[in-house]
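Chains, contacts and geometry: an overview
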Amino acid sequence: MELTTALLADSRCREHLVGVEHPERPERFDAVMDGLRKARLLGRMLPLEHRSATAEELLLCHTREYLSVAKHDVEAGYHQLTTGDTDITPNSWEIALRAAGGVLNAVDAVVAGKARNAFCAVRPPGHHATPSRGMGFCLLNNIAIGARYAQRKHGIERVLIVDWDVHHGNGTQDIYYSDPTVFFFSTHQWPLYPGTGRADETGAGSAKGTKMNFPFPAGSGRKEILGAVENSLMPAADRFRPDLVMISAGFDSRIDDLLGGFKLTDRDFTDLTRRVMEMAAKHGGGRVVSVLEGGYNLSGLASAAAAHVEALLQT
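Residues numbered from 1 in each chain as written. Predicted model: local features only at pLDDT ≥ 70, side-chain atom pairs only at ≥ 80, totals over all residues. Heavy atoms only, no water.

Focus on the overall build of the protein chain
Within the protein chain, the regular secondary structure consists of nine helices and eight strands. Computed over C-alpha atoms, the radius of gyration of the protein chain comes to 17 Å, within 12% of the 20 Å expected from 2.2 N^0.38 for 315 residues, which places it in the range of a compact globule. Across its three principal axes, the protein chain shows a C-alpha extent of roughly 50 × 45 × 40 Å. Classification of the 315 residues of the protein chain by burial places 62% in the buried group. Of the contacts formed within the protein chain by residues at least 6 apart in sequence, a portion of 77% connects residues at least 24 apart. Surface summary for the protein chain: the accessible area is close to 11,800 Å², and the carbon and sulfur share equals 51%. (Helix = DSSP H or I, 4+ residues; strand = E, 2+ residues; numbered from the N terminus. Rg over C-alpha atoms; globule rule 2.2 N^0.38 Å. Buried < 20%, exposed > 50% of the residue type's maximum accessible area, 1.4 Å probe, protein only. Contact = heavy atoms within 4.5 Å. Areas by Shrake-Rupley, 256 points an atom, 1.4 Å probe, with all protein chains shown as cover.)

Digging into the nonpolar core
Grouped together as the largest cluster of nonpolar side chains are 53 residues, with contacts concentrated most on W164, F185 and F251. It is helix α7 (residues 222-240) that contributes the most residues to this core, nine residues altogether. If we ignore the near neighbours within four places in the chain, the residues touching W164 are T187, I247, S248, A249, G250, F251, S253, F269, L272, T273, V276 and H308. Among the nonpolar cores identified, the runner-up in size contains 47 residues, and A70, V122, L139 and I175 belong to it. (Core = buried A, V, L, I, M, F, W, Y, C linked by side-chain atoms within 4.5 Å.)

Here's the deal with helix α4 (residues 92-111)
Residues lying three or four places apart along an α-helix face the same way, a consequence of the helix completing one turn every 3.6 residues. The end-to-end C-alpha distance of α4, which contains 20 residues, comes to 29 Å, matching closely the 28 Å that a straight helix rising 1.5 Å per residue would cover. Counting buried positions over the 20 residues of α4 gives 19, a clear majority of the element. (Expected span 1.5 Å × (residues − 1).)

Things to note about the sheet that holds strand β6 (residues 211-216)
If you walk across this open sheet you meet the eight strands as β2-β1-β3-β8-β7-β4-β5-β6, and the pairing is parallel. Each edge of the open sheet carries a strand with a single partner, namely β2 (46-47) and β6. Sheet topology places strand β7 (residues 244-249) next to strand β8 (residues 288-292); five bridges connect them, and they run parallel. Paired with S248 across the strands is V291, a residue of β8. Against the sheet, helix α9 (residues 298-313) contacts β1 (5-8), β3 (117-120), β7 and β8, and its axis sits at roughly 165 degrees relative to β3. (Pairing = 2+ DSSP bridges. Axes fitted to C-alpha atoms, helices over the stretch in contact; angles between N-to-C directions.)

Here's the deal with the environment of D163
Within the secondary structure, D163 is located in strand β4 (residues 159-163). With near-sequence residues (within four places) excluded, D163 lies in contact with H127, G169, F184, F185, S186, T187 and S248. Among the polar contacts listed, one links the side chain of D163 to the side chain of H127, at a separation of 2.8 Å. Side-chain polar atoms of D163 contact the backbone nitrogen of D165, separated by 3.0 Å. (Polar contact = N/O pair within 3.5 Å; in protein donor to acceptor, adjacent residues only side chain to side chain.)

Observations concerning empty space enclosed by the protein
One water molecule sets the probe size; rolling that probe over the atoms shows where empty space is left. Across all of its chains, the model carries two cavities of 30 Å³ or more by this definition. Put simply, the largest cavity is a space of about 40 Å³. The wall of the largest cavity is formed by L8, D10, C13, I95, R98, A99, A121, V122 and R123. In terms of residues, the lining of the largest cavity owes the most to one element, α4, which gives three residues. (1 Å grid on protein atoms, 1.4 Å probe; cavity = no way out; pocket = protein on both sides within 12 Å on 5 of 7 lines; lining within 4 Å. Points joined across faces, edges and corners; volume = space filled by probe spheres on them.)

Scope: geometric values only; no functional claims are made or implied.
What follows is the structure, encoded as C-alpha cells:
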C-alpha cells in the first residue's frame, strides 16, 4: 500500500478558550478542516488516533515546577497562567496534553513508516513555551517535545525544526539552544512579539551554528523567506544531515493575517513545503512531521493549510 500523509485532527481542541474573545480561537480548527475538506484532501489522508502526553513525556522539555504551576493555574480557574501572558479556560490543561500527545502519535506513525509524513492540526500552539514558562498562546511546546521524543523513543539522532511562523519560536530555541543534535531555523517578523530571534542567536557551546534566525521587516514575503530557505537552510541541512524534519507551520506569515505583516501567499507555502520535503528526502528518508502554530485570518488559514497539506501529499 502506498504511504500517504497522516492527519492528527482532534476536535476536542475546540474546547480550549471557548467563550473568550481571542485571536487563537476555536474556529481556527474549523477553518483548517474546512480548507482540507473543500480541497478534497481529507479522503487521501490517514487519520491518527489522539492521546494525552504523559508526565514523563512532558519532562523531556519542561521543568517539573512549571508543569505543576500550569496544571494548578488551569484547575484553579485562573484566566491566565501565572508564568506569563497565556490565556486559559478550565479545560486548557487537558487539551494541551492532547495536543502534545497527538504530535507524538504523528511522530510514531512517520518514524515507524506507517505514513510518509504528517500534519497535526493542533491547538493550543506551542513554540513560545519555554522549559519553565508558558508564553504567548502556548502552554506546552508540542514540536519540541515531539523532537526529543523521536530521539529518545525511536533513536533518531538529528532533528531539523523549520519554523516559518511570523513570530519567533523562542521556546523551541531556548529548549535546544545548547543542543547540537537539534537544528532550529526560523524566519520571523522583526520587531514583533516576543522580541527574540536576532541573527546572532546561533546556539551555545557545541551547538553554535545549529540555530539559524532570519528576522525580517513587515512587508517581507517570498523573496526573503523562501530565499532564506533555499540559500541558507538547504546548504546547512546538507551539512547537518537531519534524520527527521519537523515544521512549526505558522500561517500567520501569510498575507492579510491579523497579527503579522508578512506577505506570503498560498503558492509560497506550497513551495516552502516542497523545499522542506526535498531536504527530508535527501537526508531523512522523507520523514516530515508538521505541527500547526499560528494563523489568525480564518479564510487565509484555511487556504494556506490546504496548500501546505496538498504539497505534503505529493510524492
